[in-house]
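# Analysis of the macromolecular model
One-letter residues, chain by chain:
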Amino acid sequence: MEKDDMRIDRLIGFMDRLNLDALVVFDKVNFRYLTGGVVDYSIAYVLREGRVGIISPVMEYERARSTTWADEVYAFSREKRDDEAIEAKTAIEAFKKLYGGLNRIGVPYSNISHSTFIKLVEAFGRERLADGDEAILESRVVKTDFELGLVRKAVEIVEAGVRKGIESIVEDVSELDIAFASHCHMKSLGADKVYDDLIVASGKRASLPHGRASTKPIKYGDVVTLDFVASYEGYYGDETRTVFLGRADKELKKIYEVVLNALEEAVDTVHDGVSAKEVDEVARKVIEKAGYGKYFTHSTGHGLGLEVHEKPRLSASDDTILKKNMVVTVEPGIYIAGLGGVRIEEDIVVRIGGCEVLTKNPNELLII
Ligand SMILES: [Mn+2]
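Residues numbered from 1 in each chain as written. Predicted model: local features only at pLDDT ≥ 70, side-chain atom pairs only at ≥ 80, totals over all residues.

### Brief notes about the overall build of the protein
The number of helices and strands found in the protein is 10 helices and 18 strands. Expressed along its principal axes, the backbone C-alpha trace of the protein runs to roughly 75 × 40 × 35 Å. For the protein, the proportion of its 368 residues judged to be buried stands at 46%. Summarising the internal contacts of the protein: among those between residues at least 6 apart in sequence, 65% fall at separations of at least 24. (Helix = DSSP H or I, 4+ residues; strand = E, 2+ residues; numbered from the N terminus. Buried ≥ 20, exposed ≤ 12 C-beta atoms within 10 Å, placed from the backbone. Contact = placed C-beta atoms within 7 Å.)

Following this line, the structure appears as structure tokens:
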């Protein structure tokens, strides 16, 4: 597997700035970011001079070597073996045997357990450990071309899932049946993960922004919100469409147009140099002007990548300046208890002077 050098260079830039000699990760998401692959029970690291490594138990050694771009892979074993496996009780102990002399070791504290932290302190001493969250999260926020390729593929799969969901809507079919049909379809198209509980919220349930699919049957006149999330090789796509079965309630129709306007104006605002909160403000203003301000109860969007929700947040409290090749969602919504709700969500890539909308499914009002 060819290494995504651009990503490792970005990461090392942040390590330089924070004076980290190594960055060691224990969780699957950051493991994939460092190595391009998935290996169980293993840790990954990047050294400041650029080398990427993995320490695996013997059983995962071959997978680590053949499915990642790591420059070096070490196996460790509790028992003494007659091969090159390092004798160590844990991957941390093996790392200490290899690189115990390093001065500052960054570890993303948000992604390790307390017991791992204690083991790290015992191995290296508290003063040599530093929080690696910032280095890794700041690096991940701007996507490389390699990453954008995977996001594109994920978005394609999610879009096909949404189309499948819309096709499955007929009277009396349950929300769960729709979610299940889409789940299987996305898996068959190569999704490595489909969000456990897809959102299919119909009728009055559409007023729940996170209304997970239930046994409720779809009825004539229902508004139906479908919000689907799936990943391809670790990278996520996330799309929401709201449609109507048979006919659309007059007020919901009006709400749909308001949400669509908010979406379009917010998307038109996105470019390299605008702040996350400005985009939120634009969407919010459209909705407030129409009189629905208090019914827009979440932020306008979020970063998308190896996690469904990552930096930045398009919200009033996020000052992040959007940069070229960040990927964000834009997803305004209006939710009125007892009536229903509407959300429309697009995934976009920030560009110089504008943005590229990755999601292509039509977003005009659809009555099926
Ligand atoms: Mn979303």
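There's plenty left to go through after this.
### Description of helix H8 (residues 175–188)
End to end, H8 covers 20 Å across 14 residues, agreeing with the expected 20 Å (1.5 Å per residue, within 8%). Those residues of H8 that fall on the buried side of the exposure criterion are Glu175, Ile178, Ala179, Ser182, His183, His185 and Met186. Close packing links the buried residues of H8 with helix H7 (145–167), strand S8 (193–194), strand S9 (199–202) and strand S10 (223–232). Phi turns positive, to about 110°, at Gly190, one or two residues after H8. (Expected span 1.5 Å × (residues − 1).)

### Focus on the packing of helix H1 (residues 5–18) against helix H6 (residues 133–141)
Running from N to C, H1 and H6 point in directions that differ by 145°, and their axes come no closer than 9 Å. Here H1 and H6 pass one another in a crossing that is right-handed. Every residue of H6 that contacts H1 at Arg10, Leu11, Phe14, Met15 and Leu18 is listed here: Glu134, Ala135, Ile136, Glu138 and Ser139. When grouped by side-chain class, the residues that make up the contact of H1 with H6 number six nonpolar, one polar and three charged. (Axes fitted to C-alpha atoms, helices over the stretch in contact; angles between N-to-C directions. Left-handed = near helix turned anticlockwise from the far one by under 90°. Nonpolar A, V, L, I, M, F, W, Y, C, P; charged D, E, K, R; others polar.)

### What about the domain arrangement of the protein?
Domain annotation for the protein reports domain 1 (5–141) and domain 2 (145–357). The gap between the C-alpha centroids of domain 1 and domain 2 is 35 Å. Domain 1 puts seven residues into the contact, and the matching count from domain 2 is 10 residues. Of the residues that constitute the side of domain 1 that touches domain 2, the class distribution is four nonpolar, no polar and three charged. (Domains from an automatic or database assignment.)

### What to know about the environment of Glu147
Turning to its location among the elements, Glu147 is positioned in helix H7. You can call Glu147 buried: it has 22 C-beta atoms within 10 Å. Distance in space between the C-alpha atoms of Glu147 and Gly36 is 9.9 Å, their sequence separation being 111 residues. When residues no more than four places from it in sequence are discounted, the contact partners of Glu147 are Arg7, Tyr235 and Gly305.

### Brief notes about the sheet that holds strand S6 (residues 105–107)
With respect to topology, seven strands assemble into an open sheet ordered S5-S4-S3-S2-S1-S6-S7, the strand pairing being mixed. Each having just a single partner strand, strand S5 (86–87) and strand S7 (129–131) make up the two edges of the open sheet. With two bridges joining them, strand S4 (residues 72–77) and S5 adopt parallel strand pairing. Of the residues in S5, the one forming a bridge with Ser77 is Glu87. (Pairing = 2+ DSSP bridges.)

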